[in-house]
Amino acid sequence: MTDTRCFHCTLPVSEPAVFFAEVEGTQQPMCCPGCKAVTEAIVAGGLENYYQHRTESANQVTDLNRRLQEELQIYDRKEIQKDFVRPATPASDSQNDRFTASLLIDGITCAACVWLLENHLEALDGVEQVSVNLSTHEAQITWSRSETALSTLLLEIHRIGYKAFPWRADQQEALLKKENRLFIRRLAVAGIGTMQVMMYAIALYSGAISEDMPEIYRDLIRIFSAIVATPVIFYSAAPFFKAAWRDIKIRHLGMDVPVSIAIGGAYLASLWATFFSNGEVYYDSVSMFTFFLLTGRYLELRARHATARAARALTNLLPPSCLKEVNGQYERVPVADLQPDDKVRILPGDAIPADGVLLNGSTSVNESMLTGEYLPIEKQQGDTLLCSSINVDHPVDIKVTKVGEETRVASIIQLLQRAQQDKPAIAKLADKVAGWFVACVLLVAIFVYWGWSGIAPEDAFWITLSVLVVTCPCALSLATPAALTAATGYLHRMGLLVTRGHVLEGLQSIDHVIFDKTGTLTKGELSLTQVIPLDGCSHSQEQLTHLAAAMEAHSEHPIARAFIVHSDSDQQSCQQKACDVKNHPGQGIEGTINGTRYRIGRPDFAGPSDRLEPPEHDGQWLLMSSNDQPLCWFRITDSLRPEAVDTVQRLHQMGKTVTLLSGDAEPVVAATAESLDIRHWKSESSPDDKLSFIQALQKQGHKILMVGDGINDVPVLAGADISMAMGNASDLARTSADAVLISGNLARLADAFNLTIRTRKIIRQNLAWALGYNLAALPLAAAGMIAPWMAATGMALSSLIVVANALRLNHSNKLVTKPNQSEKAYAPFEAGKAGATV
Amino acid sequence: MESLIILIPLALILIAVAIKVFFWAVDDGQFDDLEGPAHSILFDEPQRSKTSDIDQINNPIKK
């Protein structure tokens, strides 16, 4: 098989390609109708350039439909727009209808995407200006509201393969922006100041070496150096002083304390030397030191902002909407508008928006998000349907009984808040080292001062100061943040998004890994795992599957999807066409292929006369019959993720205890545990049980990593030492977890452990180097042998070495299992969700 | 050497101007996206307008 790849998203296309789109006169293969539609839209807009300039492939596109259009129309309501749309010109101008909308665009992979979006949107009627920020994925669109509806713009964005969400520029976002700008200003002052002071320093040094500079000029240059260095100290270095003051107030010796002592001490001493015309000045060292430290902190800040944004993007989804009956008609309304006693229509595949009672008919719902049970549960008229479970079978009406805070989900959130309060803290290595270091330096400085006052009282102050400058913990304070920043960035590229700071440092102390089952170790969707032909059946297993797939192609039921996915790899099945297909809700499906009548479904439906019993009790079994003659059994289960076995094995090899903690029934959990070689497991656990289970382990001194996805995992995710949510997990689980496995590939988890070990090694090397350098320089400085320029050069060099060492983490390819293709483009986490809601 | 007495203060004024300009650039949002603009120069801007050629000839004021 040749390696054909989709021209748009570069995912592999099964041969022969079925979909094509014409780009610049050539028919290009496409993987799906979604990508085809997007490519055609791009070409029709005259924007083929996108394909030449892009450096990353696009994400695969889910099909657009009427449903999406309807959902987007909710954004045309003025009361919803007020969060993210503002007038483009002062509001006093009464006739103007130009507005600016802030949107967050999902799916931007490289600069060509920005170009494509801007050009595509600007070509639309009524659109005045579009600017897309590549770093933050934020878009500002200025358009005329009377000419074009906002939903049209959003739909256009979807049409070229991106997703748009309202970007509510709230206070937190405004703060991030302000912090970023303030930091750049500080950097600029420190950088420009350093350059200028260094130029003066060259004059001072050459004067000192040739010894022919008149004192008046020396003093003049010193005074101007002081003038330039002063804003560097009071403006750029202000955050260090503030942090140090805060540390001292809470009696904690952090890294900022020695930094502030060194900067403040050297600056004051230089001022003293300038005004009394003796000693040495250190303006250049102080400025450069500030600049270096700020650069390190700025990189850290940018990484932090990037993850904060990514984490916030996770919660910025479409506002949930539902179909509410108003005067006998169904209307799409935001879920927030629902009241008890409202009547709501729920279509198959939709999430149930509030707790309610089933008014008519029967259906089955998937409650796996709430309970971990993977098989749909039958619901009859009068039964209660829980908020956040998913309707599987038919359209039904419910009467809302509880909304918002009263629903079952909200009670789980309360449990979450309780768990967060008890969350154990993880001590940071660098802070521990810093405490000792500061104490030692201060002691040594006092000792040196005391020693020299006995030998040469007039030199004592200057030598003590050079000790403080030489031991200035520039490299030491960069050692940890540089390594953590590099490792976090690396993990993000591999598909693991770290959203809380303590994850990387905490992972290495984890000795117990707990997995949820449904959706975490398993895919969370039904698939066909076994075909057992009955006696007297003349078809092969493959033929049976093809026959079933041909019939199930007419059904929307999740069970049908299990067959269709199965047959996708094989084009032959497409040649068989079923006609006359009828769905029997809750029973099965029947249809005619080549004149033979087939039935698939419950045993009493497919073969009512035979009264067959399924071969095993575990899993869900479907019977297929032809002309009332039983043919075979299909077994439908939730299958394991392909990498799960390997991951569990690797975790065992690392010496971690692995536990399976599920809300599902005992036989299923036991079977899963056995196939993964997991010795400890616990079934039928409620969210409360799960939380008390890990809290009991924590009391025994275990450090716990929890991996989960459902709403029922939320409290336990919040309570674990470190928690990870799967990329397609519920919003609540993703926002309460410390890290999100965006790619959904469990192998990344084992990789993360490896990377932590390596990160820790690098941090140790860095700390050892920084401390070693300081210790080696200390006796020389104490002996009065170090000139200011030597101290400054040494400091810069040791900082650069530390940063370069940390950057090695970016190239740790061998640690990590190769990403597979589907993961590389990692079909964004919304893809799974979109599949459920669109 | 006497020229230093004029040159150094002059340099200080230049620094002040440089920082002022830099601050203006920061407030103007020029540092908000550090990646995108580097690439944007590589893209050809296609000559497209929302009005057709005939409209433009008849109505030259409109862009």
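What counts and what doesn't
Residues numbered from 1 in each chain as written. Chains lettered and ligands numbered in written order. Predicted model: local features only at pLDDT ≥ 70, side-chain atom pairs only at ≥ 80, totals over all residues. Helix = DSSP H or I, 4+ residues; strand = E, 2+ residues; numbered from the N terminus. Buried ≥ 20, exposed ≤ 12 C-beta atoms within 10 Å, placed from the backbone. Contact = placed C-beta atoms within 7 Å. Expected span 1.5 Å × (residues − 1). Nonpolar A, V, L, I, M, F, W, Y, C, P; charged D, E, K, R; others polar. Axes fitted to C-alpha atoms, helices over the stretch in contact; angles between N-to-C directions. Parallel < 35°, antiparallel > 145°, perpendicular 65-115°, else oblique. Left-handed = near helix turned anticlockwise from the far one by under 90°. Pairing = 2+ DSSP bridges. Arc of directions from axis to C-beta. pLDDT = per-residue confidence, 0-100. Core = buried A, V, L, I, M, F, W, Y, C linked by C-beta atoms within 7 Å.

**A closer look at the environment of A:Met551**
All names here are of chain A. In this fold, methionine 551 is placed in helix 19 (residues 541-552). What makes methionine 551 buried here is the crowd of 27 C-beta atoms within 10 Å. When the C-alpha atoms of methionine 551 and threonine 592 are compared, they prove to be 8.2 Å apart, with 41 residues separating the residues in sequence. For methionine 551, the contacting residues outside a window of four places in its chain are Ala578, Val581, Ile589, Gly591, Tyr598 and Ile600.

**A word on helix 27 (residues 747-782) of chain A**
Turn by turn, an α-helix covers 3.6 residues, leaving residues three or four places apart pointing in a common direction. Compared with an ideal rise of 1.5 Å per residue, which puts 36 residues at 52 Å, helix 27 of chain A spans 52 Å between its outermost C-alpha atoms and is within 8% of the ideal. One or two residues past the end of helix 27 of chain A sits A:Gly784, with phi positive at roughly 75°.

**Focus on the interface of chain B and chain A**
Taken together, the 25 residues of chain B in the interface contact 23 residues of chain A. Secondary structure elements with two or more residues in the side of chain B that touches chain A: helix 1 (4-27) and helix 2 (36-40) of chain B. For the side of chain B that touches chain A, the residue count by class is 16 nonpolar, 3 polar and 6 charged.

**Some remarks on the packing of helix 8 (residues 215-236) of chain A against helix 10 (residues 256-276) of chain A**
Residue and element names in this part refer to chain A. Helix 10 packs onto helix 8 with a crossing angle of 155° between their chain directions and a minimal axis gap of 10 Å. One element, helix 8, and the other, helix 10, form an angle in the roughly antiparallel class. Between helix 8 and helix 10 the crossing geometry is left-handed. Contacts between helix 8 and helix 10 involve Arg222, Ile223, Ala226, Ala229 and Ile233 from the first element and Ile263, Tyr267, Ser270, Leu271 and Thr274 from the second. Looking at the contact of helix 8 with helix 10, its residues break down into 7 nonpolar, 2 polar and 1 charged.

**Details of the sheet that holds strand 20 (residues 579-584) of chain A**
All names here are of chain A. Strand order in the open sheet formed by 6 strands is 19-24-23-22-21-20, and the pairing between neighbours is antiparallel. Strands at the two margins of the open sheet, each flanked by one partner only, are strand 19 (522-533) and strand 20. Each strand axis lies, on average, 20° off the axis of its neighbour in the sheet, ignoring direction. As paired strands, strand 19 and strand 24 (residues 629-640) are joined by 8 bridges and run antiparallel to one another. Across the sheet, the residue bridging to threonine 522 is leucine 640, located in strand 24.

**Here we look at unusual backbone geometry**
With the exception of glycine, the majority of residues adopt a negative phi angle, and the majority of peptide bonds are in the trans configuration. Residues and elements named next belong to chain A. At aspartate 341, a position not held by glycine, the phi torsion is positive, near 75°. On the secondary structure map, aspartate 341 appears in the loop between strand 9 (329-334) and strand 10 (343-346). Of note, aspartate 677 is a non-glycine position whose phi angle comes to about 65°, a positive value.

**Observations concerning the sheet that holds strand 15 (residues 390-391) of chain A**
Residue and element names in this part refer to chain A. The 3 strands are arranged 13-12-15 in an open sheet whose pairing can be described as antiparallel. In this open sheet, the two strands that pair with only one neighbour each are strand 13 (377-379) and strand 15. Of the strand pairs in this sheet, strand 12 (residues 363-366) and strand 15 are connected by 2 bridges, and their pairing is antiparallel. Residue pairing in the sheet places valine 365 in a bridge with asparagine 391 of strand 15.

**Let's talk about helix 23 (residues 666-676) of chain A**
All names here are of chain A. Taken together, the buried positions of helix 23 are occupied by Val668, Val669, Thr672, Ala673 and Leu676. For helix 23, the angular spread of the buried residues around the axis is 130°, confining them to a single face. Facing away from the buried surface of helix 23 by more than 90 degrees, the exposed residues are Glu666 and Glu674. Where helix 23 is buried, its residues contact helix 18 (517-521), helix 22 (644-653), strand 25 (657-661) and strand 26 (680-682). Immediately beyond the C-terminal end of helix 23, within one or two residues, lies aspartate 677, with a positive phi of roughly 65°.

**Digging into the pairing of strand 20 of chain A**
Residue and element names in this part refer to chain A. In terms of burial, strand 20 is largely open, as just 0 of its 6 residues are buried. Across 4 bridges, the pairing between strand 20 and strand 21 (residues 588-593) is antiparallel. Among the inter-strand pairings, cysteine 579 is bridged to a residue of strand 21, identified as threonine 592.

**Examining the pairing of strand 12 of chain A**
A regular strand places its side chains on the two faces of the sheet in alternate fashion. Residue and element names in this part refer to chain A. Going residue by residue along strand 12, you find Thr363 and Val365 tucked away on one face and Ser364 and Asn366 tucked away on the opposite face as well. Relative to strand 13, strand 12 runs antiparallel, the two sharing 3 bridges. Residue pairing for strand 13: serine 364 is matched across the bridge by glutamate 378.

**Topic: the packing of helix 22 of chain A against helix 27 of chain A**
Residue and element names in this part refer to chain A. One can describe the packing of helix 22 onto helix 27 by two numbers: an axis separation of 8 Å at closest approach and a directional angle of 25°. Overall, the two elements helix 22 and helix 27 adopt an arrangement that is roughly parallel. Like other packed secondary-structure pairs, helix 22 and helix 27 cross with a definite hand, here left-handed. Across the interface between the two elements, Asp646, Thr647, Arg650 and Leu651 of helix 22 pack against Ala747, Leu749 and Ala750 of helix 27. Partitioning the contact of helix 22 with helix 27 into residue classes produces 4 nonpolar, 1 polar and 2 charged.

**Details of the confidence of the model for chain A**
Residues and elements named next belong to chain A. Of all residues in chain A, 84% attain a pLDDT of 70 or more, and the chain-wide mean is 78. Looking over chain A, one finds the lowest element-wise mean pLDDT in helix 30 (residues 829-837), namely 31, and the highest in strand 18 (residues 512-515), namely 92. Note on residues 819-838: pLDDT under 50 across the span, and 40 contacts to partners over four residues away in sequence or across chains.

**Some words on the confidence of the model for chain B**
Should the pLDDT be low somewhere, the predicted coordinates at that spot are not to be read in detail. Residues and elements named next belong to chain B. Mean pLDDT over chain B works out to 74, with 67% of the residues at or above the 70 mark. For chain B, the element scoring lowest by mean pLDDT is helix 3 (residues 53-58), at 54; helix 1 scores highest, at 90. Quick note on the complex model: pTM equals 0.65, ipTM equals 0.74.

**Notes on the nonpolar core**
All names here are of chain A. Residues Ile263, Ala479 and Ala483 are the most contacted members of the largest nonpolar core, which totals 134 residues. The element that contributes the greatest number of residues to this core is helix 27, accounting for 14 residues. In this structure, isoleucine 263 is in contact with Ile233, Ala237, Phe240, Val286, Phe289 and Thr290, ignoring residues within four places of it in sequence.

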